[in-house]
Amino acid sequence: MKLQIEDSELVKDYINGNEGALEVLINRHNQRITSFIYSKVLDRDITEDIFQDTFIKVIKTLKRGKYSEEGKFLPWVMRISHNLIIDHFRRNKRMPMFEGSDDFNIFSVIGDDKLNAEKQLIKNQIDTDLRQLVEELPDDQKEVLLMRIYKDMSFKEISENTGVSINTALGRMRYALINLRKIIEKNNIVLTN
């Protein structure tokens, strides 16, 4: 509780013209905020940029008198940095955007060919997790899904190989994706890199 009181006092001091109060706040929360940003962007330079942008926003908000003190300075700053991280990914179109539609393709998540070592490990884990999820599907759906996604076969080729109509192959693929989505949601699984 003491830390929150101190934060709120420092915020008041800064609003009242004590520039050093902000420096104390930045130094106090630097490590947590920087670690949080870095855990999302995995790049030191981008982390620095977002950290600076976060505190520019904090300063502007405090100077305009738009900050309402509820003893929640750090969560407020973290929310600002989180929003700036999202803005960064949107600008660079690197954040996978998932809509809750039937066109959802979980396999689009694993299609990044510019991976560093850490992202490669994450991708490998996602691939392993995804293959385990696929194993839970009924055999006919699993067969079509594996042919389509992993063997890159057309539905015509799948139809010829399985001895079913193209419409049946399409239906099995659709149900495979629906069932995968249900398994993912039921188990609260996060498949993202």
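These numbers were taken from a predicted model, which means no experiment stands behind them.

### A short note on the packing of helix H6 (residues 139-150) against helix H8 (residues 166-186)
Now for step 1: Interhelical geometry of H6 versus H8 gives an angle of 100 degrees and a closest axis separation of 8 Å. Between H6 and H8, the angle is such that the two are roughly perpendicular. Contact residues: Asp140, Gln141, Val144, Leu145, Arg148 and Ile149 in H6; Ala169, Arg172, Met173, Tyr175, Ala176, Leu177, Asn179 and Leu180 in H8.

### Brief notes about a negative patch on the surface
Now for step 1: Negative charge collects at one region of the surface, where Asp45, Glu48, Asp49 and Asp53 lie side by side.
Now for step 2: Mapped onto the elements of the fold, Asp49 is located in helix H3 (residues 44-63).

### Concerning the environment of Leu62
Now for step 1: Mapped onto the secondary structure, Leu62 falls in helix H3.
Now for step 2: Note on Leu62: relative accessible area 2%, which makes it buried.
Now for step 3: Here the alpha-carbon distance between Leu62 and Lys12, two residues 50 residues apart in the chain, equals 9.2 Å.
Now for step 4: When neighbours within four sequence positions are excluded, Leu62 is seen to be in contact with Val11, Tyr14, Ile15, Tyr67 and Trp76.

### A closer look at the pattern of salt bridges
Now for step 1: Counted by the stated rule, this structure contains 6 salt bridges.
Now for step 2: Here Glu19 and Lys63 are joined by a salt bridge, their closest N and O atoms 3.3 Å apart. Taken together, the positions of Glu19 in helix H2 (residues 19-41) and Lys63 in helix H3 put the pair 44 residues apart, joining distant regions of the chain.
Now for step 3: A salt bridge links Lys142 to Asp139; its shortest N-O distance comes to 3.6 Å. Note that Lys142 and Asp139 are positioned in helix H6 at a spacing of 3 residues, about one turn of the helix.
Now for step 4: Using a relative accessible area of 14% as the deciding quantity, one classes Lys142 as buried.
Now for step 5: A single network of salt bridges, built from pairs that share partners, joins Glu135, Asp139 and Lys142.

### A few points about the packing of aromatic side chains
Now for step 1: Considering all chains together, one arrives at 4 aromatic pairs under this definition.
Now for step 2: Here the aromatic rings of Phe51 and Phe55 are separated by 5.1 Å at their centres, their planes lie at 45 degrees, and the arrangement is tilted. Placement of the pair is Phe51 and Phe55 together in helix H3, with a separation of 4 residues, close to one helical turn. In this pair, the class of Phe51 matches that of Phe55, namely buried.
Now for step 3: Plain terms: the ring middles of Tyr67 and Trp76 are 4.3 Å apart, the flat faces sit at 45 degrees to each other, and that makes the pair tilted.
Now for step 4: The residue whose ring lies beneath Arg44 is Tyr38, and the NZ or CZ to ring-centre distance is 4.2 Å.

### Digging into H2
Now for step 1: Taken as a whole, H2 carries its principal kink of about 55 degrees at Asn30.
Now for step 2: Between a side-chain oxygen at the N-terminus of H2 and the backbone nitrogen of Gly20 the separation is 3.0 Å; the capping residue is Asn18.

### So, the nonpolar core
Now for step 1: Counting residues in each nonpolar core, the largest one holds 25 residues, and the members touching the most others are Ile33, Phe55, Val58, Phe73 and Trp76.
Now for step 2: Counting residues per element, the ones that place at least two in this core are helix H1 (2-15), H2, H3 and helix H4 (73-92).
Now for step 3: Counting residues per element, this core draws most heavily on H4, at 9 residues.
Now for step 4: Contact partners of Phe55, with chain neighbours within four places excluded, come to Leu22, Ile26, Ile33, Phe73 and Val77.
Now for step 5: Core analysis: the next-biggest nonpolar cluster, separate from the first, contains 18 residues, Leu133, Val134, Met173 and Leu177 among them.

### Some words on the environment of Arg79
Now for step 1: With respect to the helices, strands and loops of the structure, Arg79 is situated in helix H4.
Now for step 2: For the pair Arg79 and Thr54, spaced 25 residues apart in sequence, the C-alpha separation works out to 9.4 Å.

Rules behind the numbers
Residues numbered from 1 in each chain as written. Predicted model: local features only at pLDDT ≥ 70, side-chain atom pairs only at ≥ 80, totals over all residues. Heavy atoms only, no water. Axes fitted to C-alpha atoms, helices over the stretch in contact; angles between N-to-C directions. Helix = DSSP H or I, 4+ residues; strand = E, 2+ residues; numbered from the N terminus. Parallel < 35°, antiparallel > 145°, perpendicular 65-115°, else oblique. Contact = heavy atoms within 4.5 Å. Patch = residues over 30% accessible without salt bridge, like charges linked within 9 Å, V, L, I, M, F, W, Y side chains within 5 Å. Areas by Shrake-Rupley, 256 points an atom, 1.4 Å probe, with all protein chains shown as cover. Salt bridge = Lys/Arg side-chain N within 4 Å of Asp/Glu carboxyl O. Lys, Arg positive; Asp, Glu negative; His and termini not counted. Charge placed at Lys NZ, Arg CZ, Asp CG, Glu CD. Buried < 20%, exposed > 50% of the residue type's maximum accessible area, 1.4 Å probe, protein only. Phe/Tyr/Trp six-rings, centres within 6.5 Å; stacked < 30°, edge-to-face > 60°. Lys NZ or Arg CZ within 6 Å of the ring centre and 35° of its normal. Bend = angle between axes of the 7 residues up to and from the residue. Polar contact = N/O pair within 3.5 Å; in protein donor to acceptor, adjacent residues only side chain to side chain. Core = buried A, V, L, I, M, F, W, Y, C linked by side-chain atoms within 4.5 Å.

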